[in-house]
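Report on the structure
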Amino acid sequence: MLLIRDAELDGVRADVRIDGGRVCAIGSGLAARPGEAVVEARGGALLPGLHDHHLHLLAWAASLASVPCGPPAVRDAQALGAALRARPGFVRGVGYHESVAGALDRTSLDRLAPGRAVRIQHRSGSLWMLSSEACRTLGLDAGADAPGVERDGSGRTTGRLFRLDAWLRERLGTEALPDLAPVGEQLTRYGVTGVTDATPDLGPAALDALAAAAEGGALPQRLLLLGAPAGGHRGLAAGPRKLVLDERALPALPELVERLRAVHAAGRAVALHCVTRAELAFALAALEEAGPLPGDRIEHASVAPPELVGWIARLGLGVVTQPGFVRTRGDDYLRDVEPRDRPWLYRCAGFAAAGVALGAGSDAPFGAGDPWLAIQAAVDRRTAAGATLGAGEALSPEAALALFTTSPEAPGGAPRRIAPGARADLCLLDRPWAKARERLASEAVVATLGAGRVLWSRTEPGAG
Ligand SMILES: [Zn+2]
């Protein structure tokens, strides 16, 4: 049993008692029982624990042990070469962008880090660039192959691997799987009590690593996996089936329609990854043809002009967006994205106005893992350099918070409430909501509870 004393719930000061992992009483002047742990809230806002509706746990954990290869850490070829050469062993780089040293392949990587085994992930997450030594290690020069391995006219791989995360992970084996505990701990500091892993097609090694981390407590968050088999895995729940659409390699429309029908026939919804206007239009055409299932949703919907938003609404689909990219990538978008697409980037208010259920995720490690950064960006729509992107898409602080407080199964549905009987997944702030909403930031989080257990606290809970 645990008592949270003098918290602010929906604007009212109250005490909250937790028992058996659930909220069991809310009232004023609840007396601590003998031996009961007490968390003194001192008027701080008590919120539902945040749920990140779209991130990539293993990739995030791996990135913590990887060389940053893009801005702001690395801005030119010289700095990139130095960073790669400074690491021993098979170097894993992340966050690459062409502004650093153009399009990379094995030849340019061999020049930057001669003789070294190097693999670098593009910051989009869709491309790995390998040095010659890395190509050899993976057997790519000796017959190993997969759709997505780019080859030149002579059949030799260029070292560029498109959408082959799962293949790489399984090929590198379990010793390459990272420790998930630092990610679990980071999430608790943000007040995150649940996450949806959006990695498609998780293989056996990846599924086992996630299950072991959940069972052992390294990942204390509720987990929902979009890349797990339909029945889930070792007690981990499967969400809608993640399918990735890539404009450069779209299937034939009837082929996608068949896939959608097959997933639906098994009673499972789909989560379709669409980042371009063309990918989104293609996905909607296929879903229209297949017939949507409740729970079907679009991941990202990064470019969503009004006619496509209307179509999403008509089909009754949900959207999981990433407002954090407005902050972390907005300046690049303002430079690189076609002007006609700019007003429709990572929309928020536009979806809400059309009645589309809208949830959000960080997309960590491709986006910053701190959901509060995304929440504040949904409010101010400001880029890192201070420019505004899609001013008309701004949400109120309350609506922005709700992007992360709806149930894992229904992003954008009704926000979870703190009420007797509810699972005690909670996030306590050090200030009242009226103050917190002025500048939403994770530094306000003072304690995080998962199923009634204190997962993290800035201070030790006292005894009653
Ligand atoms: Zn993602």
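Structure first, text after, so check above.
Reference entry: report on the structure contained in this document. (Residues numbered from 1 in each chain as written. Predicted model: local features only at pLDDT ≥ 70, side-chain atom pairs only at ≥ 80, totals over all residues. Heavy atoms only, no water.)

A word on the overall build of the protein
Helices and strands together make up the secondary structure of the protein, namely 16 helices and 24 strands. Taken against the 2.2 N^0.38 rule, which gives 23 Å for 464 residues, the C-alpha radius of gyration of the protein at 23 Å falls within 12% of a compact globule. Counting only C-alpha atoms and orienting by the principal axes, one finds that the protein spans roughly 80 × 50 × 45 Å. Considering only intrachain contacts with a sequence separation of at least 6, the fraction spanning at least 24 residues in the protein is 71%. Here the protein has roughly 18,400 Å² of accessible surface; of this, 53% comes from carbon and sulfur atoms. Across the protein, 51 positive and 52 negative side-chain charges occur, with their mean positions spaced 2 Å apart. (Helix = DSSP H or I, 4+ residues; strand = E, 2+ residues; numbered from the N terminus. Rg over C-alpha atoms; globule rule 2.2 N^0.38 Å. Contact = heavy atoms within 4.5 Å. Areas by Shrake-Rupley, 256 points an atom, 1.4 Å probe, with all protein chains shown as cover. Lys, Arg positive; Asp, Glu negative; His and termini not counted. Charge placed at Lys NZ, Arg CZ, Asp CG, Glu CD.)

Some points on the packing of helix α9 (residues 253-265) against helix α10 (residues 277-290)
Working note: a packed helix pair is described by the angle between its axes plus the distance between those axes. Packing of α9 against α10 leaves a shortest axis separation of 9 Å and a crossing angle of 55 degrees. In terms of orientation, α9 lies oblique with respect to α10. The crossing of α9 and α10 is right-handed. Residues L253, L256, V257, L260, R261 and H264 of α9 form the contact with α10, whose own contacting residues are F282, A285, A286, L287, E289 and A290. Its residues assigned to classes, the contact of α9 with α10 shows nine nonpolar, one polar and two charged. (Axes fitted to C-alpha atoms, helices over the stretch in contact; angles between N-to-C directions. Parallel < 35°, antiparallel > 145°, perpendicular 65-115°, else oblique. Left-handed = near helix turned anticlockwise from the far one by under 90°. Nonpolar A, V, L, I, M, F, W, Y, C, P; charged D, E, K, R; others polar.)

Topic: the packing of aromatic side chains
The tally for this structure, following the rule as stated, stands at two aromatic pairs. Ring plane angle 25 degrees and centroid distance 6.0 Å describe the contact between Y333 and Y346, whose orientation is recorded as stacked. One end of the pair, Y333, is in helix α12 (residues 324-336); the other, Y346, is in the loop between α12 and α13 (349-353), with 13 residues separating them in the sequence. The same class applies to Y333 and to Y346, which are both buried. (Phe/Tyr/Trp six-rings, centres within 6.5 Å; stacked < 30°, edge-to-face > 60°. Buried < 20%, exposed > 50% of the residue type's maximum accessible area, 1.4 Å probe, protein only.)

Some thoughts on the pairing of strand β17 (residues 270-274)
Within β17, five of the five residues are buried, which leaves the element mostly enclosed by the surrounding structure. Between strand β16 (residues 241-244) and its parallel partner β17, the chain crosses via α9, and the hand of that crossover is right-handed. Relative to strand β18 (residues 297-300), β17 runs parallel, the two being bridged by four bridges. Of the residues in β18, the one forming a bridge with A271 is R297. After leaving β17, the chain enters α10 and then returns to the sheet as β18, a path that is right-handed. (Right-handed = clockwise from strand over helix to strand, strands pointing away. Pairing = 2+ DSSP bridges.)

Description of the environment of G44
Within the secondary structure layout, G44 lies in the loop between β4 (37-40) and β5 (46-48). Not counting chain neighbours up to four residues away, the residues in contact with G44 comprise D6, A7, E8, L428, L429, D430, R431 and P432.

Observations regarding the coordination of the zinc ion
In ideal tetrahedral geometry, four donors around a metal make angles of 109.5 degrees, whereas ideal octahedral geometry with six donors gives angles of 90 or 180 degrees. Looking at the zinc ion, one finds its protein donor set to be H54 (NE2), H56 (NE2) and D363 (OD), positioned 2.1 to 2.2 Å from the metal centre. Counting gaps between the donor residues of the zinc ion yields the pattern H-x1-H-x306-D. (Donors = N, O, S within 2.8 Å, 3.2 Å for Na, K, Ca; no water.)

Describing the side chain of D363
For D363, the position within the fold is in the loop between β20 (358-360) and α14 (371-380). Buried and unpaired, D363 has R329 as its nearest opposite-charge partner, separated by 6.1 Å. Among the polar contacts listed, one links the side chain of D363 to the side chain of H56, at a separation of 3.0 Å. (Salt bridge = Lys/Arg side-chain N within 4 Å of Asp/Glu carboxyl O. Polar contact = N/O pair within 3.5 Å; in protein donor to acceptor, adjacent residues only side chain to side chain.)

A look at the sheet that holds β17
Taken in spatial order, the five strands line up as β16-β17-β18-β19-β20 in an open sheet, and their pairing is parallel. If you trace the sheet from one side to the other, it starts and ends with β16 and β20, each paired once. Each neighbouring strand pair of the sheet contributes to a mean axis angle of 25 degrees, computed without reference to strand direction. Contacts from α10 reach β17 and β18 within the one sheet, and its direction differs from that of β17 by about 155 degrees.

What to know about unusual backbone geometry
Of note, the bond from P71 into P72 is cis; its omega dihedral lies within 30 degrees of zero at 5 degrees. Despite not being glycine, R42 shows a phi value in the positive range, around 50 degrees. Mapped onto the fold, R42 is located in the loop between β4 and β5. On the basis of relative accessibility, which here comes to 66%, the residue R42 falls in the exposed class.

Structural notes on the packing of α12 against α14
α14 packs onto α12 with a crossing angle of 80 degrees between their chain directions and a minimal axis gap of 5 Å. Taken together, the axes of α12 and α14 are roughly perpendicular relative to one another. Of the residues in α14, those touching α12 at G324, R327 and T328 are L373, A374, Q376, A377 and D380. Of the residues assigned to the contact of α12 with α14, the class counts are three nonpolar, three polar and two charged.

Let's talk about the pattern of salt bridges
Oppositely charged side chains are able to pair whenever their charged atoms sit close together. All told, the structure shown has 32 salt bridges when counted by the stated rule. For R277, the salt bridge identified is with D341, shortest N-O distance 2.6 Å. Of the two residues, R277 sits in helix α10 while D341 sits in the loop between α12 and α13, which places them 64 residues apart along the sequence. The exposure classification of R277 matches that of D341, with both residues buried.

As for the nonpolar core
With 78 residues, the main nonpolar core has L57, L272, I298, W372 and L429 as its most contacted residues. Those residues in contact with L272 that lie beyond four places of it in its chain are L243, L245, L260, A283, L287, R297, I298 and E299. (Core = buried A, V, L, I, M, F, W, Y, C linked by side-chain atoms within 4.5 Å.)

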